[in-house]
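Structural overview for review
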Amino acid sequence: MGLYVAIPTLVIAAILQASFLPKIPLLEVIPNLTLLVVIGWSMRKGSRVGIIWALVGGITADLASGAPLAISVLPFMAAALISGAVRRRLYPGNIILPALFVVLGLVSFHLLEYLLIMMISTPVQAPPGLLNIGSRFVVLHVVLSPLAYLFTGWLTGLVEGPRIRIGA
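Right, let's walk through the structure included here. Keep in mind the model is a prediction, meaning the values are calculated, not measured. (Residues numbered from 1 in each chain as written. Predicted model: local features only at pLDDT ≥ 70, side-chain atom pairs only at ≥ 80, totals over all residues. Heavy atoms only, no water.)

1. Quick look at the side chain of S72
For S72, the position within the fold is in the loop between helix 3 (47-65) and helix 4 (73-85). A distance of 2.6 Å separates the side chain of S72 from the side chain of D62, its partner in a polar contact. If we ignore the near neighbours within four places in the chain, the residues touching S72 are G58, D62, F109 and E113. (Helix = DSSP H or I, 4+ residues; strand = E, 2+ residues; numbered from the N terminus. Polar contact = N/O pair within 3.5 Å; in protein donor to acceptor, adjacent residues only side chain to side chain. Contact = heavy atoms within 4.5 Å.)

Quick look at the structure:
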């Protein structure tokens, strides 16, 4: 049942990220919706399930963006592993702590993606003002992370259905 939800959710996120969001940049950067959903799902369900979502998310993000196919899969998996490893330490109703793990996931994602691009192509020069853009990128994702965490909680409830308690 999880893949029946993962594939359409991540395809929609990748399409929005590649087509709609560039038209309305927030803080002059475009949020990585696919990564936010993968990180949110990993925090909800753990690393094992997050890895599957990362595989689907990486492929859909690459297909939607025109990047070399599967270049994003490994960075997505690193972000899913980091965020899924802390699943048991999070209180399910907490929407502040996911922001910290989004930052860790973003850093691991972009460092690994940069290293992979450097390995398969010519050296990439960092654009001027990278620190300013990077700080806006992190701020935007920290602001959006509670929404992504709440969305994945809603999606989890949809997939698992209502919980029935028997007894007191």
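Having put the structure on the table, let's press on.
2. A short note on helix 2 (residues 33-45)
Since there are 3.6 residues in each turn of an α-helix, residues three or four apart along the chain are aligned in direction. Given a rise of 1.5 Å per residue, 13 residues ought to cover 18 Å, and the 18 Å separating the end C-alpha atoms of helix 2 matches this to within 8%. Across the 13 residues that make up helix 2, a large majority, 10, are buried. Among the residues of helix 2, T34, L35, L36, V37, V38, I39, G40, W41, S42 and M43 are the ones counted as buried. (Expected span 1.5 Å × (residues − 1). Buried < 20%, exposed > 50% of the residue type's maximum accessible area, 1.4 Å probe, protein only.)

3. Re the nonpolar core
With 29 residues, the main nonpolar core has L10, L35, V38, I39, W53 and F76 as its most contacted residues. For this core, the secondary-structure elements that each account for two or more residues are helix 1 (2-20), helix 2, helix 3, helix 4, helix 5 (97-120) and helix 6 (130-160). Element by element, the count of residues in this core is highest for helix 2, at 7 residues. Once residues lying within four places of it in the same chain are set aside, the contact partners of V38 are L10, G50, W53, A54, G57, F76 and A80. (Core = buried A, V, L, I, M, F, W, Y, C linked by side-chain atoms within 4.5 Å.)

4. Side note on the packing of helix 2 against helix 4
Relative to each other, helix 2 and helix 4 sit at 35 degrees, their axes nearing to 8 Å. Along this stretch, helix 2 crosses helix 4, giving a crossing that reads as right-handed. Only F76, A79, A80, S83 and G84 of helix 4 make contact with helix 2, whose side of the interface consists of T34, L35, V38, I39, S42 and M43. Tallied by class, residues from the contact of helix 2 with helix 4 come to 7 nonpolar, 4 polar and no charged. (Axes fitted to C-alpha atoms, helices over the stretch in contact; angles between N-to-C directions. Left-handed = near helix turned anticlockwise from the far one by under 90°. Nonpolar A, V, L, I, M, F, W, Y, C, P; charged D, E, K, R; others polar.)

5. Structural notes on the environment of V38
Turning to its location among the elements, V38 is positioned in helix 2. Residue V38 is classed as buried on the basis of its relative accessible area, which comes to 0%. Remark: the alpha-carbon pair of V38 and L55, spanning 17 residues in sequence, is separated by 9.4 Å.

6. Quick look at the packing of aromatic side chains
Considering all chains together, one arrives at 2 aromatic pairs under this definition. Taken together, a centroid distance of 4.3 Å and an interplanar angle of 20 degrees make the contact between W41 and W53 stacked. Highlighted residues: W41 in helix 2 and W53 in helix 3, separated in sequence by 12 residues. Comparing W41 with W53 shows no difference in burial state: the two are buried. Aromatic pair F151 and W154: ring centres 5.8 Å apart, planes at 35 degrees, arrangement tilted. Placement of both F151 and W154 in helix 6 is noted, with a separation of 3 residues, approximately one turn of the helix. (Phe/Tyr/Trp six-rings, centres within 6.5 Å; stacked < 30°, edge-to-face > 60°.)

This is a description of form; function is not addressed.
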